[in-house]
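Inside the fold
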Amino acid sequence: MPIFEFRCNDCDQISTYFSRANDRPETIPCDHCSAKADRIISRPSVRLSMTSKMEKLDPKYDRMVDKAMRSTPEADPDRHLKRLKPLKDS
Ligand SMILES: [Zn+2]
């Protein structure tokens, strides 16, 4: 069910409105003072954990990161391992 948020023009409080499918009002009466509240872009991403945000990222960002890693040797997490020399018997 879509959820819309509205910010009151008068008291700045946020009102939440659970919408039916084709019901997308631009304004509702404020829950707090009954003045007109305008629909705002809701911010569900703010409530997501970092993991959820990462999962929602477009795969193109993964490719961008991979590409950046390849062209930036210092960013390679294995660089220290590659630098290690095998132990030798003396
Ligand atoms: Zn209000």
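Look above for the structure.
Everything numeric here is computed off the predicted structure, so don't read it as measured data.

**Focus: the pattern of salt bridges**
- As enumerated under the stated definition, the model contains one salt bridge in all.
- When the shortest N-O distance is used, the salt bridge between glutamate 26 and arginine 39 registers 3.4 Å. In this pair, glutamate 26 is assigned in the loop between β2 (14-18) and β3 (27-29) and arginine 39 in strand β4 (residues 36-40), connecting sequence segments 13 residues apart.
- Overall, glutamate 26 belongs to the exposed group, its relative accessible area being 51%.

**What about the packing of aromatic side chains?**
- Overall, the coordinates contain one aromatic pair when judged by the stated rule.
- Between phenylalanine 6 and tyrosine 17 the ring centres are 6.0 Å apart and the planes differ by 80 degrees, which places this aromatic pair in the edge-to-face class. Highlighted residues: phenylalanine 6 in strand β1 (residues 3-8) and tyrosine 17 in strand β2, separated in sequence by eleven residues.
- With a relative accessible area of 0%, phenylalanine 6 lands in the buried category.

**Points about the pairing of β2**
- The pairing of β1 with β2 spans five bridges and is classified as antiparallel. Paired with isoleucine 3 across the bridge in β2 is phenylalanine 18.
- Once β1 ends, the chain turns through five residues before running back antiparallel as β2, passing aspartate 12 with a positive phi of about 65 degrees.

Reading the values: rules and limits
- Residues numbered from 1 in each chain as written.
- Predicted model: local features only at pLDDT ≥ 70, side-chain atom pairs only at ≥ 80, totals over all residues.
- Heavy atoms only, no water.
- Salt bridge = Lys/Arg side-chain N within 4 Å of Asp/Glu carboxyl O.
- Helix = DSSP H or I, 4+ residues; strand = E, 2+ residues; numbered from the N terminus.
- Buried < 20%, exposed > 50% of the residue type's maximum accessible area, 1.4 Å probe, protein only.
- Phe/Tyr/Trp six-rings, centres within 6.5 Å; stacked < 30°, edge-to-face > 60°.
- Pairing = 2+ DSSP bridges.

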